[in-house]
Every structure is written in structure tokens, then in C-alpha cells.
Amino acid sequence: MNLLFGKVRWNEDTHLEAMQDNVFNSGFLDLYVERDSVFKHDSRPYFYDDNTGVLSAVLGYISNIEEIKARYSLSNETDVEVVERLYALEGIKFVSQLDGIFLILIFHEATKRAYILQSRYGYNLPIYYTGNDNEFTFGTSLKQVLKHNTATRELNIAAARDFLHYSSIVHQAAIVPNRATLVSNISKLVTHEYMIIDGMKGSNKVKSLKFKEKEVAKELAKDELIATVDNSVRTLFNQLRTDNITSTLTSGRDSNLILHFLRRLTDNTIKIVTLSGGEGYNEIPATQAILRNYDNIEHITDTLHSGPDKLPDIVWKLEGYTFQEGVFLRYQLSEILSRENLRFAFLGACADQMLDRKRRSLVLYESWIRKMVTTRVRRTNYIVTPYRFIRNILRTTYLNVKGSQNHKGPEFPEPELRATIRPSSSNVLYDIEADYLSKMHGMLLNSFGVQGIYAYVNKDIVGMSKALGMLNRRKGFFNQRVQETLAPEITTNFALKGPTTSLKDLVPIDENMLTKLLQLELVNRILSKSQIERIANSPGDYHLLILQLIYLYLFNQLFISGEFDSFFDEPHIDKNLGDFFPQA
């Protein structure tokens, strides 16, 4: 399992007290780092240089590590040593040169200053933080942060409303789209941000982390887009400690292109995992037909059966960060990989977010609005309030356009009701679609001790997509090139993308449970009386929303109440839904 947890004591001096495999203590900084090791360069969780007094810790992987070593003529074997050298040479701006999925901590003993940095598209585990006048706590596990935090806990009601409101906009994924979490006094570091912990000043500061997009000529992008995916797969494959490969496979293009390139890299058995989401959502027949075109494949299949009894454990693992209708499928996938003793898997996840030019244009439009308005405020002496008003009008328009893809109106009651849940702010700071998908996979896989490998999360691939512009709208150009690259015997079995599961079939809502849920004080604090009445009068129209309310209730019981604090070191919680909603 990957885990980083740290505590800074503002009033303590800095002097090395302890240094063990996973533990570093300098009096000022207590650090614990646990790390899965599946790559050739990730055998150490952290590195401390006695000469420079600099500590570096890394979670995840830096995919272009060999390129960086060659550029700087570095012979260091581990990524933590490379990071320490880069910091000594370049300062924290070195992170803009790195690619991959990673979290980096730098601590400079002489200056009592620490930096928490992440990859350009964010790390796939959260970074939570909280502090007071005496100490500052941070980590990738909310449970560990809560365990070491003595402040009174309270559910963040504004964040809970955001959690429900934005689900209509982000493909039914409930997420808090800002620095807040579901715990009032705990925040999170979001994508494109880094943190400075300054021991001299006794303060922490969050700043924007700017990455320059790679400039690529359009004709080159047309010629090299598929080759860039090939290079990403090859680079990651060559860094693994083993060439016994595992990959997930659906009947879509993204994972099939990864398999095509993996098969060319090894003659060893490739283990392929496919899940059926149930009747009407079964991709196993299509993937079986596809795999008949490959030799030496072990196909691991199963039908989704993770239902309501798994929901407490899902909340335990996702820690209130996100919830989406596909979470049960991802949970069981992680469970299977762990059961089969598979420590990593190539994933097609985030391909849409990296490649879809139409979607990326909306994200860029959002960024342009924010930049235009905030820049205008700085350069004038006008009252700020009107510009905030204009900004929110523009943001609301943007989000409504984006949300319209999920339909609104009387024939779609759930999105319409969500729109009446007032969000705390319309100023979303980052790409929440890419974030929820990355976190959902990363947090579930990590809880089972599995490392996800994301071949499409790559700055070169994004650079190609940007150069192609609207030619790659809805991944049109990419899909065409995949069709040309793979054999017709494979592509004829591709299926159109759609839902992976039916939550109404998988998690039926019991009438007794619904009655108890809607009477809870917690739910009455989040929703208005009229909103609750609408749900009660027609529960079949609000199935996902009801599940998300159950999720919030479970979060409150597991993380806020204090009743389960003694289990905070455990990766799993052995409770079922009936334990929280006992029969009368």
C-alpha cells in the first residue's frame, strides 16, 4: 500500500533524531512513508542526503525517469535520489519536467521548509491537511490525519451539498469540487497546486503549479498520436520489475490498444481481467472474441456481485472523496486483482480526459474565464464585487452547458432536483472529471495493495491531442487511427461506450431504509423539506441521489462520530449496510 503521513511541530528545532526504513524524524518533522515497489526505480520510500540536509520522498511513479537521468547525467538508481539531485540543481521548478503519476515531498532541514508537489494531472491519492498554532498534519489517508488530530470533528454541510449538486455535471460522480472535504477543519490539495510548509514562519501556503503544455505541429500529431501511446506503454513496461503483465480489458478501444502494444513487448502470459456489470452490461463475450486473436492469454472474468453490503467498506476506502455509479465495478476489480496476487495492472482509465478535445476545450474555456476575471480585478481600482458577480455568471453558464449533456427538465427529475441544491461556490478550481476518475481507481486499488498504471496519462499524448484540435473532437481522430491499427477481427467486437452497471438492479432501495434515511437529522441539514418530500414521493426517480445520501450518512458514522477510530489503521471495515440501518 502507498501511504504518506507527516506532522510538523512549529515550535521544535530541526535535528535528526531517527531514520529507519519507513520513518524519518527530525524533531520538527515526523514522517512515515509506505510504498508499493513494482518499478525498477521505486525500491526506496524516501532518501535523506547528509551533505545537503535534504529529504525527498516519492509515491507513485515518474514515467520519464530514464530521460531525466540522461538529461542531467545522473547515475542514481532510485527515483528518490534523482528527485533530491534535481531539487539541489533546479529548486522546486524541477517538477515541471517530470511525467507520470506521483506525489513528492521535499524537506530542507537548514531552512525548515517542506514542499508537497504532485504530477501535472494530480496524484491518484488525495493529500489532506489541517493545522493549528502548535502543529500541522498532512497525509494521503484521511483516517491517519483524523487519528492524529485532536480538533472537534464536524461534517462540512456546505461540502456535502457540493458533493450532491455537482453530480449532475460530472457524469454522475459525487465530488467536492474545491479544497474542502466532508470534514469541516480538514482541506485537500487539488490538481495544479503545491504546498509550502514554512517552519521559520510557522505557516503553510498553497500555490498554483504551472505546467507548460508541449507544443506539437498538427501534421506530426496526426502521424504520431498512436505511436505516442505505444511509446508510453513501452516506457512503463521497460521500467517494471517483471514482464509478467496484467491489464484490464473492456470492449472499448482504449484498453484494447494497450493490449495490442503489450503483446508486442513480451511473449510471456498476459493476465487479462474483465468484469461483467450484469445483464445488459456484459462485456465478457466481446472480450473473449477479441482475445481469440492473441496467444498466451489468461483471461480472468467475473460477474459483478458487490452490492449494498459492500457500501460501508467502499466509503471506508474512498474516505468521502468521491462516489460514482461505477464504483462497485472498480471495487470488485481491485478485489480480484488482490485475490489473484496481482500487484499492478495497466488501465485504460483517463483516456477520454487526456484525449477528448471537445471536453478539454470546455476545461480551457473555464480556465480562460477565471484568468480573465481575476486579471481584470488586479489591474483596476474598481470594486471587486461586480467582477465576482460577473465571474459567477460566466461560471454558472459554463457549468449549465456542461451539465446539459446529462439532460434537465421534468422528464429528468434527478438532475433537476440536484440543480436546486445550492453549491457553496461556482468557482471550480481544477478539472474535476479527471480528478474523480483518477482518485476512484487509485484509492480503491491502493486499499487492496495494487498499483494502477495509466498509459494515457502522459504529457506527450495530451500535447498531441491539443495539436489536433477539433479534429480529435470526441476522440474522433484517435478512434479512427485505432481502427486502422488493430485487426478487423478485433475491431468488429468493439461495443459503444455506455453504463457499466445498473445501480437500480445492483442496490435496490429498501422502503424501511429510505424512511429512516429521510428522517435523519443529517439529511434534514443537507436538504430542504421540499427536496426531501420530492424524494419520498417518487424514490424510483432519485435512486443515485438516495445512494449518495446513504454514502454521506455512512461517512458521518465512520469518520465523524468517533465510533470507529480504533479501526483507522485497518484497510477494510467489516460492516454491512444492515449494521447501520437495523430492521425495526
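Computed from a prediction, not measured in an experiment: that's the story for all the values here. (Residues numbered from 1 in each chain as written. Predicted model: local features only at pLDDT ≥ 70, side-chain atom pairs only at ≥ 80, totals over all residues. Heavy atoms only, no water.)

Trainee: Help me understand unusual backbone geometry, please; the structure alone is not making it clear to me.
Mentor: The bulk of non-glycine residues show a negative phi, and the bulk of peptide bonds are trans. Within the chain, Asn-296 stands out as a residue other than glycine whose phi angle is a positive 55°. In this fold, Asn-296 is placed in the loop between helix H7 (284–291) and strand S17 (297–303). Of the residues examined, Asn-296 reaches a relative accessible area of 38% and is grouped as partly exposed. Phi at Asn-341 takes a positive value of approximately 65°, unusual for a residue other than glycine. Tracing the chain through its elements places Asn-341 in the loop between helix H9 (327–339) and strand S19 (344–347). (Helix = DSSP H or I, 4+ residues; strand = E, 2+ residues; numbered from the N terminus. Buried < 20%, exposed > 50% of the residue type's maximum accessible area, 1.4 Å probe, protein only.)

Trainee: Looking at this structure, how should I read the sheet that holds strand S7 (residues 100–108)?
Mentor: Either a parallel or an antiparallel arrangement is found when strands of a sheet pair, and the pairing is made through backbone hydrogen bonds. Read from one edge of the open sheet, six strands run S5-S6-S7-S8-S13-S14, paired in antiparallel fashion. At either end of the open sheet lies a strand with only one pairing partner, and these are strand S5 (46–49) and strand S14 (203–208). Looking at each pair of strands side by side, their axes are set apart by 15° on average, direction ignored. Bridge count for strand S8 (residues 113–118) against strand S13 (residues 193–198) is four bridges, and the pairing is antiparallel. Opposite Ala-114, over in S13, you have Ile-197 as the bridge partner. In the packing of helix H2 (residues 79–90) onto the sheet, contacts are made with S5, strand S6 (54–62), S7 and S8, and the angle to S6 comes to roughly 125°. (Pairing = 2+ DSSP bridges. Axes fitted to C-alpha atoms, helices over the stretch in contact; angles between N-to-C directions. Contact = heavy atoms within 4.5 Å.)

Trainee: Explain the confidence of the model for the chain here, please?
Mentor: The predicted coordinates of low-pLDDT regions are not to be read in fine detail. Averaged over all residues, the pLDDT of the chain equals 87, while 87% of them reach at least 70. Low pLDDT (under 50) marks residues 361–384, which in the prediction has 25 contacts with non-local residues, meaning those over four places away or in another chain. (pLDDT = per-residue confidence, 0-100.)

Trainee: How should helix H8 (residues 311–318) be read in this particular structure?
Mentor: Think of an α-helix as turning once every 3.6 residues; residues three or four places apart then point the same way. Of all eight residues in H8, eight are buried, a share of seventy percent or more. Of the residues making up H8, those classed as buried are Leu-311, Pro-312, Asp-313, Ile-314, Val-315, Trp-316, Lys-317 and Leu-318. In the stretch just after H8, Glu-319 is the one whose phi turns positive, near 55°.

Trainee: For this particular structure, what's the right way to read the pairing of S19?
Mentor: Within a regular strand, the side chains alternate between the two sheet faces. Neither face of S19 is open: one carries Phe-344 and Phe-346, the other Ala-345 and Leu-347, and all of them are buried. Pairing geometry for S19 and strand S20 (residues 451–454), over four bridges, is parallel. Along S20, the bridge assignment pairs Ala-345 with Gly-452.

Trainee: How do you make sense of the packing of aromatic side chains when you look at a structure like this?
Mentor: To describe a pair of aromatic rings, one takes the distance between the centres and the angle between the planes. On inspection of all chains with the given rule, the structure shows 21 aromatic pairs. The interplanar angle of 55° and the centroid separation of 5.1 Å between the aromatic rings of Tyr-553 and Phe-581 together place this pair among those described as tilted. With Tyr-553 in helix H22 (residues 543–560) and Phe-581 in the segment after helix H23 (577–580), this pair connects stretches of sequence that are 28 residues apart. Tyr-553 gets classed as buried once you look at its relative accessible area, which sits at 12%. The exposure class assigned to Phe-581 is buried, which follows from its relative accessible area of 6%. Here the guanidinium or amino end of Lys-188 rests over the ring plane of Tyr-321, the centre of that ring lying 5.4 Å away. Residue placement shows Lys-317 over the ring face of Phe-448; its charged tip is 4.5 Å from the ring centre. (Phe/Tyr/Trp six-rings, centres within 6.5 Å; stacked < 30°, edge-to-face > 60°. Lys NZ or Arg CZ within 6 Å of the ring centre and 35° of its normal.)

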